[in-house]
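# Remarks on the overall topology
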Amino acid sequence: MLNQEFTVKQKIVLFMSFLFLATSVGIQIKNYYDNQPTYTINYESVNIKNMTEPHVATKVSNQKQTSDLLTSIQTTLNQVEEALKGSPIEIEDFPATEVSYKREEPTQIWYLPTENGSVTTFPNVGHVAYDITSWRGTAETVYPIADGTISGIYYDPYGALVVTVLHEVDGIKYTSQYVHLSSYANGLYVGKQVTAFDPIGQMGSSGQSTGVHLHIAVLDCALFDSKDPNCYDLNAWYRYDKKRLSEDFYGLGVLVYVPYSWNSR
Ligand SMILES: [Zn+2]
């Protein structure tokens, strides 16, 4: 018959199992963070006149994340000890760093596209965009990164709701693209003039997406403009994007500089 009491031997075996499990999970998390490109963002926004020379993105050491991780593992071990004493395990969320952000009056500057959120994916070859998540989920309003004109409201081939905004600065045309929206803002139409403070939709998970987030890219062309040979339609833009990638140029996505995470404005 089963003995209700744990013997000392059983407790040790249980503890060792938890220890092994916690360590393996810890190592996996550490590897994940070690392999993530992390950036020091010195700009919450950037004057687009300087866009031709992206200021960004210096890879920094993972020291802080590693020490956070070790703290997290220690916390887990403490929780295992607690569990062995009979209390239930409560796993805390991985600590997130928050940076304060204030949205300012626009003057030829890109702004952050949401009020709250964290960047989970930075631009890289194959993903020329930022992915931004928010604890507010679909309650998160999406704004244009600058004043402009709505140039596209459409579903992409995977069913994602997308809005694009055309911007023109010093005669150069740019398109910002907001993907995976859950809904469009009321009264949105192609040709509508918008400011950086006009909502264009809500964050969502439509299309090829595994969770609520905003995928935002910036293209140096005028999407859906019949006179733009690189971007007169989506196929032209895909070809153009592919060409830029083959030239090892994936800077378009880093035209928008955002901090790793931020609070409400
Ligand atoms: Zn994405």
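What this report covers is the structure whose coordinates are included nearby. (Residues numbered from 1 in each chain as written. Predicted model: local features only at pLDDT ≥ 70, side-chain atom pairs only at ≥ 80, totals over all residues. Heavy atoms only, no water.)

Glancing now at the side chain of threonine 164. Structurally, the position occupied by threonine 164 is in strand β7 (residues 161–169). Here serine 151 takes part through its side chain, which lies 2.8 Å from a polar atom of the side chain of threonine 164. A polar atom in the side chain of threonine 164 sits 2.9 Å from the backbone nitrogen of glycine 152. (Helix = DSSP H or I, 4+ residues; strand = E, 2+ residues; numbered from the N terminus. Polar contact = N/O pair within 3.5 Å; in protein donor to acceptor, adjacent residues only side chain to side chain.)

Here the focus is the coordination of the zinc ion. Coordination of the zinc ion by the protein involves His127 (NE2), Asp131 (OD), Asp131 (OD) and His215 (ND1), with metal-donor separations of 2.0 to 2.8 Å. Around the zinc ion, the four donor atoms are arranged such that angles at the metal cover 51 to 161°; this shape is classified as irregular. The motif formed by the donor residues of the zinc ion, counted along the single chain, is H-x3-D-x83-H. With histidine 127 in the loop between β3 (117–121) and β4 (130–133) and histidine 215 in strand β12 (residues 214–219), this residue pair connects regions lying 88 residues apart in the sequence. (Donors = N, O, S within 2.8 Å, 3.2 Å for Na, K, Ca; no water. Tetrahedral: all angles 85-135°; square planar, octahedral: opposite > 155°, others 65-115°.)

On to the packing of aromatic side chains. Within this structure, the stated rule accounts for two aromatic pairs. When the centroid spacing of 5.3 Å and the interplanar angle of 80° are considered together, the rings of tyrosine 154 and phenylalanine 224 count as edge-to-face. With tyrosine 154 in strand β6 (residues 148–155) and phenylalanine 224 in the loop between β12 and α3 (234–246), this pair connects stretches of sequence that are 70 residues apart. Between the aromatic rings of tryptophan 237 and tyrosine 238, the centroid separation amounts to 5.2 Å while the plane-to-plane angle is 40°, which identifies the pairing as tilted. The exposure class of tryptophan 237 is buried, given its relative accessible area of 7%. (Phe/Tyr/Trp six-rings, centres within 6.5 Å; stacked < 30°, edge-to-face > 60°. Buried < 20%, exposed > 50% of the residue type's maximum accessible area, 1.4 Å probe, protein only.)

With phi around 75°, histidine 180 is a residue other than glycine that occupies positive phi space. Relative to the helices and strands, histidine 180 resides in strand β8 (residues 172–181). Using a relative accessible area of 6% as the deciding quantity, one classes histidine 180 as buried. Even without glycine at this site, phenylalanine 224 takes up a positive phi of about 70°. Residue classification places phenylalanine 224 among the partly exposed residues on the basis of a relative accessible area of 32%.

Here the focus is the environment of glutamine 208. With respect to the helices, strands and loops of the structure, glutamine 208 is situated in the loop between β11 (201–202) and β12. Under the relative-accessibility criterion, glutamine 208 is labelled exposed at 56%. Those residues in contact with glutamine 208, other than ones at most four positions away along the chain, are Tyr158 and His180. (Contact = heavy atoms within 4.5 Å.)

The values reported here are purely geometric and, on their own, carry no functional implication.
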